[in-house]
Structures are given as structure tokens and as C-alpha cells.
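# Understanding the architecture of this molecule
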Amino acid sequence: MDTLSLLDRLIAFDTTSARSNLPLIGFVEEYLRARGFHITRLPDTTGEKAGLFAVLGPEGHGVILSAHTDVVPVAGQEWHRDPFRLTREGERLYGRGTTDMKGYLASMLALADRAAKVPLREPLKLAISYDEEIGCVGIRSMIGALPEALGTPRACFVGEPTEMQVAIGHKGKAAFEAVCHGESGHSALAPRFVNALHLAAEFVTELRGIQDHYARNGARDPAYGVPYSTIHVGTLSGGTALNIVPDRAELRFEYRHLAADPAEEIAARIHDAAGRVTGHFAAQSPQARIDVTQVNAYPGLDQREDAEIVTLAKGLAQSNAVTKVAFGTEAGYFQSLGIPTVVCGPGSMEGQGHKPDEYVTLPQLAACDAMMDRILDSLKA
């Protein structure tokens, strides 16, 4: 099967993160087993999702290619085409996931078919994950099994959309939930009670102060559109009625950090800020407090431009340019195992990813297929 035929099959699976990806994984597993791959299947704790590691060829380091199977929702978006049916119009291929990142997965699987027909001196290794779109959740559960399943590949290529440029970095991320506790009471007597929304408002102000600190004094990397570490508050809720002082408020926030700004330092500043706000209100009520919980995190990628993997990737992608991307990927997990890793794949996250009428172009897929051919040439006996 060629890349377009495979992409047609992959788009037809609705693998929105809230749904099971097992039908797609079943198709991919059967496809790879038929071509001689050894498969390690890794289900999640619910049994509704699974990822897999696959290897073809002799013992050795080899090269690993990485893709995720899930896609973002289409609900609330105005699509003019069926999002789960591949539609070709000129040089554009429309469908949910064409760019992010089933186009790359289709190219990986087409390469697997070609690799099965030639003798290899080094193994071809594949990592196919789930729940990337909700914070790299799947690969975090899978990564511990990689050394036993695949050993230590000499290079890893994560195929998120970079317009086939070699991406050598992205920020790390951590997401938090803060619950602010106050006292309930009648609004006519509001000054007698600690309003949980007041705690929340002061905490948001503290978070803005931390953001200002990193914008002024933190590390800087001009390769990023926002060249410093950032803190963002995404949701704030609290209260049940206008005439009741709220005793609970909740907010969700995140930081995205440069490698030069340690995550532990940012987290410590956040917890210190929560303590200061609590102390401000504690004299009025011992019930006043802010509970901060980290709910998710993934590592960044920070590859040296002169690293051997970058030189290799530029040659395989036939690209002289390197870039750093604003979005997160699974690359940091592979890098954390000592596997030299870059991000390089077809399509544009800024132009097409997560948008209605998502598409990838035929020239981008052709460039990806050509890179896959060069990878195969490097593995042939």
C-alpha cells in the first residue's frame, strides 16, 4: 500500500482523543505483522486505548520513527468536508489528522512495506502512541517499556508537522489545578467571610508577577516566537449565587519553560505564591488556603544545532534549515532515554493543525516519503 492509500484508511478511523483508538491500532498491528514486524502492544489502564512498539530486521541500534494516533475534536468547528473521509482537491488532501499527524504515520507505514521487501543491516523501529493531544499522556505510560522492546536506537524522528524542516527544540510544559478555599456566608455580611474568589484573584495576580519575572529576567531563546518561559491561566470558576459568599474557587493554569529555566524553580515560585496569598487571608479565617496540584507535564526538547543527529536529519530531510516549534511533542521522552531525537514531518501546525478543513499537501507528503526512502537506504544491507 502506498502513502495515499494508507492515509485514506487512517483518516476513516475517528480517533478523537475522547474515543478509543483500538480499531486503528488493530489495523496497524495486523498490517505490520503481515510484513514481519515484531510487535509489543501496550494497552492503557482502561483497555480502551493502546500504543505499540514494532521492530523489523536484525539486532542493533537502528532508527526509530514516532507518531501518535489521536486527533483533536471537530465539534464546534465549521467543516466544509467530511472530516473523517480523505478528500483530494488539487494538491490538498483534506481530513482530520492529515497534518497532525496521520500523514506522517501513513508515510511510516508505507516505508514499513518497502522495508519488508529488502534485506536490512540495521533494524527499523516504530513507536505509535495514543493520547498525545491531551498532554503526551500515552507515551508517558509507554516509554518505560521501550528499552526492553526496542533497545537504544541511534536516532529518533518524531513526525509532527514542521513543513519538513528539522526542529531541534520545544518548551517543556506542566499543567496545574488550584483549589481556593474560603468561607460561605450571606452576601449582606460579606466582609465577615473569606471569599474564595478573592483568594483566586490574588493568586492570578501572583502568577502574572511570576510571568513578568521570566519575561524580564529569565532565560531567552530568540528561536522561539515567545522567547522566554510563560505562565498562562486558562480557566477560573467559583460561586453558586450572587447572594452567597463563595467558599470554593478553582483555576487551571500552565507553564511552558525553556530548558535554561528549570521546571523545579518555576514550580517552587508557584507554591511560594500560593503560600503568600494564604498567609494574607489566614488571619481572618483558618479555613483559607490554596491547594495546588500538578495534573500533567511533559519534557521539552533542547537539541544542539551541531549535534550529529541534526546533521543526519538535515541530510535525510534535504533541508538546510533548523527551527524550534511553539507546540509540545513526545520528543523529550525519547531524548530522556538517551536517544538522539529531532522533530520533522509534513504539514504546518500553524497553517493547518487543529483547524477546520485541516489538510496536508501532496508535495509535503512526497517530501516525507523521500525522507523515508533515504532512511531505508541507510538501513539496507
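Please refer to the structure placed before this passage.
None of these values were measured; they are calculated from a predicted model.

### A short note on the pattern of salt bridges
- Enumeration according to the criterion identifies 23 salt bridges in this entry.
- One salt bridge connects D306 with R304, and the closest N-O pair in it is separated by 2.9 Å. Like R304, D306 is exposed.
- One salt-bridge network, in which partners are shared between bridges, spans E29, R33 and R41.

### Thoughts on the packing of aromatic side chains
- Counted under the stated rule, the structure contains six aromatic pairs.
- Their ring planes at 55° and their centres at 5.5 Å tell us that Y94 and Y359 sit as a pair that is tilted. With a gap of 265 residues between them, Y94 in strand β5 (residues 92-94) and Y359 in strand β18 (residues 359-361) connect regions that are remote in the sequence.
- Assessed through its relative accessible area of 14%, Y359 is described here as buried.
- Taken together, F176, F203, F253 and Y255 form an aromatic cluster joined through their ring pairs.
- Lying over the aromatic face of Y359, R92 brings its terminal NZ or CZ to 4.2 Å of the ring centre.

### Some details on the sheet that holds strand β9 (residues 172-181)
- If you trace the four strands from one edge of the open sheet to the other, you get β11-β13-β9-β14, paired in antiparallel fashion. Of all the strands in the sheet, just β11 (230-238) and β14 (289-298) have a single pairing partner and so form its edges. Strand after strand, the sheet turns through a mean of 20° between neighbouring axes, direction not considered.
- Contacts from helix α6 (residues 196-217) reach β9, β11, β13 (248-257) and β14, with the element oriented near 10° to β13.

### Quick word on the side chain of K324
- With respect to the helices, strands and loops of the structure, K324 is situated in strand β16 (residues 322-324).
- At a separation of 2.5 Å, a polar atom in the side chain of K324 contacts the side chain of D221.
- Sequence-distant contacts of K324, defined by excluding residues within four places in its chain, comprise I168, G169, D221, A223, Y224 and D302.

### Some words on the layout of surface pockets
- Each pocket or cavity is described by its volume, and for the largest pocket that value is around 580 Å³.
- Lining the largest pocket are 29 residues, with E133, I134, G135, K173 and R256 positioned closest to its centre.
- Breaking the lining of the largest pocket down by element, the ones donating at least two residues are β9, β11, β13 and β14.
- Considering each element in turn, the lining of the largest pocket owes the most residues, four residues, to β13.
- Along the lines of polarity and charge, the residues of the lining of the largest pocket split into 12 nonpolar, nine polar and eight charged.
- Estimated volume of the second largest pocket: approximately 370 Å³.
- Taken together, 19 residues make up the lining of the second largest pocket; nearest its centre are K324, V325, A326, F327 and E350.

### A short note on unusual backbone geometry
- Geometrically, the link from D100 to M101 is a cis peptide bond, its omega value of -10° lying close to zero.
- Relative to the helices and strands, M101 resides in helix α3 (residues 98-115).
- Look at D131: it is not a glycine, yet its phi comes out positive at around 55°.
- With respect to the element layout, D131 can be found in the loop between β6 (124-129) and α4 (137-142).
- Judged by relative accessible area, which is 8%, D131 ranks as buried.
- In this structure, H354 is a non-glycine residue whose phi angle is positive, near 70°.
- Tracing the chain through its elements places H354 in the loop between β17 (341-343) and β18.

Criteria and cut-off values
Residues numbered from 1 in each chain as written. Predicted model: local features only at pLDDT ≥ 70, side-chain atom pairs only at ≥ 80, totals over all residues. Heavy atoms only, no water. Salt bridge = Lys/Arg side-chain N within 4 Å of Asp/Glu carboxyl O. Buried < 20%, exposed > 50% of the residue type's maximum accessible area, 1.4 Å probe, protein only. Phe/Tyr/Trp six-rings, centres within 6.5 Å; stacked < 30°, edge-to-face > 60°. Helix = DSSP H or I, 4+ residues; strand = E, 2+ residues; numbered from the N terminus. Lys NZ or Arg CZ within 6 Å of the ring centre and 35° of its normal. Pairing = 2+ DSSP bridges. Axes fitted to C-alpha atoms, helices over the stretch in contact; angles between N-to-C directions. Contact = heavy atoms within 4.5 Å. Polar contact = N/O pair within 3.5 Å; in protein donor to acceptor, adjacent residues only side chain to side chain. 1 Å grid on protein atoms, 1.4 Å probe; cavity = no way out; pocket = protein on both sides within 12 Å on 5 of 7 lines; lining within 4 Å. Points joined across faces, edges and corners; volume = space filled by probe spheres on them. Nonpolar A, V, L, I, M, F, W, Y, C, P; charged D, E, K, R; others polar.

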